[in-house]
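# Results of the structural survey
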Amino acid sequence: MEFGLSEDQRLLEDSVRRFTGDLLPLERIRELAAEKTGFSEEIWQGLVDLAAPGVIIPEEYGGAEFKMLDAMIIQEALGRTCAPVPYTGTAIMAPVALLSGGTDEQKEEWLPQIAAGDCKVGVGVTENINIREGKGITVSGGKASGDALFVIDGGPADLYILAAGKDNMVIVPRDAAGVSVEPLTTIDYTRMTCEVTLDNVEADLLGGEGGAGDAITQTIMAGRLALAADLLGAADVMIEKAVEYALERKQFDRVIGSYQAVKHMCAEMVTELDPYRSLVWYAAHAFDEVPEEAHVSTLLAKAGISEAGRFVARTATEVHGGMGFTDLMGLHYWYKRVNVDRQLLGGAEVLREEAAVAQGWIKAA
Amino acid sequence: MLFVMLCGIGINAVDCWPLRCAKTLIKICNREEGPMDLSYGPEYEDFRSEVRTFIEKNKEKAPAPGMGMQHPGQREQEWQRLLIENGYTCRTIPREYGGYGAEPDILKTVIIQEEFTRANVNSGLSGQGIAMLVPTLLERGTEEQKKKFIEPTITGEIYWCQGYSEPGSGSDLASLRTNAYVEDGNFVINGQKIWTSSAHFADWCFILVRTEPDAPKHEGISYILMDMQTPGIEVRPLVTMTGAAEFNETFLTDVRVPVENVVGERGEGWKVANTTLKHERGMLGDPSQAMGRVESIVRILESETMDGKRLMDNPHYRDRLVAAQAKVHALKYHSMRLLTCTLKNEDPGVSRLIVKYFGTTLSRELSDIALDALGEIGSLYSGSKHLRSHGSWQWRNMFDLGLIIGGGTSQIQKNIISERGLGMPREPKVAEGK
Ligand SMILES: Cc1cc2nc3c(=O)[nH]c(=O)nc-3n(C[C@H](O)[C@H](O)[C@H](O)COP(=O)(O)OP(=O)(O)OC[C@H]3O[C@@H](n4cnc5c(N)ncnc54)[C@H](O)[C@@H]3O)c2cc1C
């Protein structure tokens, strides 16, 4: 038995962390966030050179054919540095959608481009979790119309894969006639979600008419996993920063880290967060290897880490005092990353309700 | 493989990142060796079926499961002997001391635990003697002590209590004042212990006593084995909030204990005790107990009704249950991660230190949910036809609080986590040298 990262995975973790760490010191994050595009060509190109966009794509389509757990290691590293790259949509959700629902032609058309880093994908599945403001996309007679809210990584995307009802996903290039994209600027300027509106757009349906039901489920699951991993990375860094600051900052002639109130805040943060690292790993492992447990594990992982993450984001900020509240310290980039990860693709209550349904405790509403 | 190469070249600046090579190298990576292998492998699965067969064949002989708050009787002792003979408890204790004498194999230990829990069959005796004293004796005891005490302890003939805490010394245990001087080859012990679990029926006590009054706080203590039948010991049961007398006050007046009953050297008792405390902390992070509680609460929510509706259909209780379940699952895989570290001889650092605080808090959260779901019925404790599970949820809920306090309170755990785990400054030691 072995539960943990393999030697290879630790090296992967170490390498990606060093790579993003080198490229994204605080000043750089600040500059990039100010652009509010959710995209840095330089970082993305680095990931492309590392073959990261094709991390889970099979070799026959030019990918690295790694496991979901490997993909999550990269995602966590991106969360640690608030990396402004469309990795979640492009490297995780879109490949999962195409692989689990696409026709051979669709896979052949898009997967090699994604793996090569030539096609960034925004993925919209929000309306299949909960519908707000009556939004959603419908398909009739081969044409798609409607609005998709909070399309993940929609800002920099070249291509959209959007759920349209329970059983369909449409694949639409950004420059297709009838597509309009409006940025939804959240508190987190390091990623860009969008509202994508389709007006009678020629729709290529994933897997053909009514063929995307399973793909939607899988895509949502993969997206939630990625957000949980991203949150893990961002929150973990917040604890490190809080401890570091507590050991430097002096008040009443002592470092504040010598006050028990502050020590206990730090102890509570690590106690709340650390066990979820293992659950995120397990859920990612289950995605590939234990499909019957993947759904519930993912729901519990994201629901749980969202609560832990909110607590960490708030507490780590408090440890920094007024400095934590300023822009100067930059701590807020991680705070925002955590809190947007929490909201996207289902908040904690939504996920817990779904977990109760998935375990057969109640019927679906 | 890939990343060994990348790291080998040394990546400091982005410029030297051999990015172009990465793509080809990524494929050289040996993806055969599975990162996560949650199966135990064929050798262990064979072992598992052996355990299962044993349980199936012998379970009639087993006393009811659960840690009795009383001295092990004949039935418990016979069952314990059978388990030891077959290597299903006290597995790694050497044969010469009455154990089974197997090489340590934590996976087999886990499998045994899993199978007995699954079958809901008594998995043998527990308690502070077996869990804490025996490992301490194996590490620090003399040959005579091991010969004399280990076998009768593991078979349940000798039941032990732990005499550490005093009225003035709880979290700050090393400030203890119960003292002993030496006269005619005996320690003569005077003082008072408190919260001594099981002292009212225990045969022996491992006790911490100040024997070197002039030495610094931590260097003046000895770890002594004391026969509870010795004249001068008075045990007064302390009724706890559960209504039972689980622990006691223990008064010691001129209690004479032979000097050879010291474990380790005189004055080394603090170090010896820490061997024991290490084992106590390890005892408290068991996710299978929490998994079992989730299942029990699911049964409550599915079978109990409120206003004619299943409790499970009430979103408040359901939501709290799933929130706690997420923590239970996190703890489950966290424990597997720690287990893997143990197998590989790696130090998981702060990840291990959080277990007592996380686990005991979570247990209490679970029993809170069960009680709240039962509503007014949940407040019943005994003697009513409306009682559920013999009132055990109230008992557990109170006892959970005992476990939060005992064995190092949550606040002490947080001190340990922040100091040893996160490298933050130690608490000022005002009382040092007293
Ligand atoms: C169910 C149960 C069984 C027990 N069994 C035994 C037994 O068999 N043998 C035995 O010897 N003992 C036993 N104990 C005693 C147990 O180990 C002590 O109760 C425990 O160590 C706390 O000590 P105390 O009760 O003196 O509390 P105190 O140390 O007085 O603590 C009171 C409060 O002050 C806080 N506090 C103390 N020091 C600090 C600090 N440095 N920083 C922050 N907060 C602090 C504590 O967290 C707590 O909240 C048992 C206790 C319980 C509840």
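I will try to describe carefully the structure that is included in this document. (Residues numbered from 1 in each chain as written. Chains lettered and ligands numbered in written order. Predicted model: local features only at pLDDT ≥ 70, side-chain atom pairs only at ≥ 80, totals over all residues. Heavy atoms only, no water.)

In this section: the site of the ligand. In the neighbourhood of the ligand, 18 residues make up the surrounding shell, with S165, S171, W195, T409 and Q411 of chain B lying closest. At the site occupied by the ligand, the surrounding residues belong to chains A and B. In this structure, an oxygen atom belonging to the ligand sits 2.7 Å away from a main-chain N or O atom of S165 of chain B. Here a nitrogen atom of the ligand and a side-chain polar atom of S197 of chain B are 2.8 Å apart. In the complex, 67% of the free accessible area of the ligand, which totals 970 Å², lies under the protein chains. When residues of the shell around the ligand are traced back to their parent elements, those giving at least two are helix 13 (392-405) and helix 14 (410-421) of chain B. In terms of residue count, helix 14 of chain B provides more of the shell around the ligand than any other element does, three residues in total. (Near = heavy atom within 4 Å. Polar contact = N/O pair within 3.5 Å; in protein donor to acceptor, adjacent residues only side chain to side chain. Areas by Shrake-Rupley, 256 points an atom, 1.4 Å probe, with all protein chains shown as cover. Helix = DSSP H or I, 4+ residues; strand = E, 2+ residues; numbered from the N terminus.)

Another aspect to go through is the interface of chain B and chain A. Where interface size is given, it is often the accessible area lost as the parts come together that is meant. At the interface, 68 residues of chain B touch 66 residues of chain A. Here chain B and chain A share an interface that buries about 6200 Å² over both sides, 63% of which is from carbon and sulfur atoms. Taken together, the connections running from chain B to chain A amount to eight salt bridges. Here D319 of chain B makes a salt bridge to R352 of chain A, at a shortest N to O gap of 2.7 Å. Where chain B meets chain A, there are 16 residue pairs in polar contact (both at pLDDT 80 or more). (Contact = heavy atoms within 4.5 Å. Buried area = accessible area lost by both parts, 1.4 Å probe. Salt bridge = Lys/Arg side-chain N within 4 Å of Asp/Glu carboxyl O.)

The subject of this paragraph is the packing of aromatic side chains. According to the stated counting rule, one finds 16 aromatic pairs over all chains in the structure shown. These aromatic residues form a ring-pair network of at least three members: F149, W160, Y164, W204, F206 and Y223 of chain B. Positioned over the ring face of W334 of chain A is K241 of chain A, at 4.3 Å from the centre of the ring. One cation-aromatic arrangement involves R396 of chain B over W393 of chain B; the distance from NZ or CZ to the ring centre is 4.0 Å. (Phe/Tyr/Trp six-rings, centres within 6.5 Å; stacked < 30°, edge-to-face > 60°. Lys NZ or Arg CZ within 6 Å of the ring centre and 35° of its normal.)

Let's shift gears to the side chain of T240 of chain B. All names here are of chain B. Structurally, T240 can be placed in the loop between strand 6 (233-238) and strand 7 (247-258). Polar side-chain contacts of T240 include one of 2.7 Å to the side chain of E246. Leave out the neighbours within four places in its chain, and T240 touches E246 and F247.

Moving on, we come to the packing of helix 6 (residues 128-140) of chain B against helix 7 (residues 143-155) of chain B. Residues and elements named next belong to chain B. Two elements in contact, helix 6 and helix 7, have axes whose closest approach is 10 Å; the angle formed by their N-to-C orientations is 160 degrees. As far as their axial angle goes, helix 7 and helix 6 are roughly antiparallel. Both helix 6 and helix 7 take part in a crossing whose hand is left-handed. Facing G129, I130, V134, L137 and L138 of helix 6, the residues of helix 7 in contact are Q145, K146, F149, I150, T153 and I154. By residue class, the composition of the contact of helix 6 with helix 7 is seven nonpolar, three polar and one charged. (Axes fitted to C-alpha atoms, helices over the stretch in contact; angles between N-to-C directions. Parallel < 35°, antiparallel > 145°, perpendicular 65-115°, else oblique. Left-handed = near helix turned anticlockwise from the far one by under 90°. Nonpolar A, V, L, I, M, F, W, Y, C, P; charged D, E, K, R; others polar.)

Looking now at helix 11 (residues 331-343) of chain A. Two residues of an α-helix separated by three or four positions point the same way, owing to the 3.6 residues in each turn. Residues and elements named next belong to chain A. Here helix 11 contains 13 residues, and its C-alpha end-to-end distance of 19 Å stays within 8% of the 18 Å for a straight helix at 1.5 Å per residue. With ten of its 13 residues buried, helix 11 lies for the most part within the structure. The complete set of buried residues in helix 11 reads L331, H332, Y333, W334, R337, V338, N339, V340, D341 and R342. Of the surrounding secondary structure, the elements contacted by the buried residues of helix 11 are helix 2 (26-35), helix 4 (68-80), helix 7 (213-248), helix 9 (291-319), helix 10 (322-325) and helix 12 (348-358). L345 occupies a position one or two residues after helix 11 and carries a positive phi of about 55 degrees. (Expected span 1.5 Å × (residues − 1). Buried < 20%, exposed > 50% of the residue type's maximum accessible area, 1.4 Å probe, protein only.)

Moving on: the nonpolar core. Formed by 145 residues in total, the largest nonpolar core has its most connected members in M68, M72 and Y87 of chain A together with F116 of chain B. With 17 residues, the single largest contributor to this core is helix 7 of chain A. Ignoring anything within four residues of it in the chain, the contact list for Y87 of chain A reads W44, A52, V55, A71, I74, Q75, L78, I92 and D153 of chain A. With 30 residues, the next largest nonpolar core counts I57, A115, V125 and I171 of chain A among its residues. (Core = buried A, V, L, I, M, F, W, Y, C linked by side-chain atoms within 4.5 Å.)

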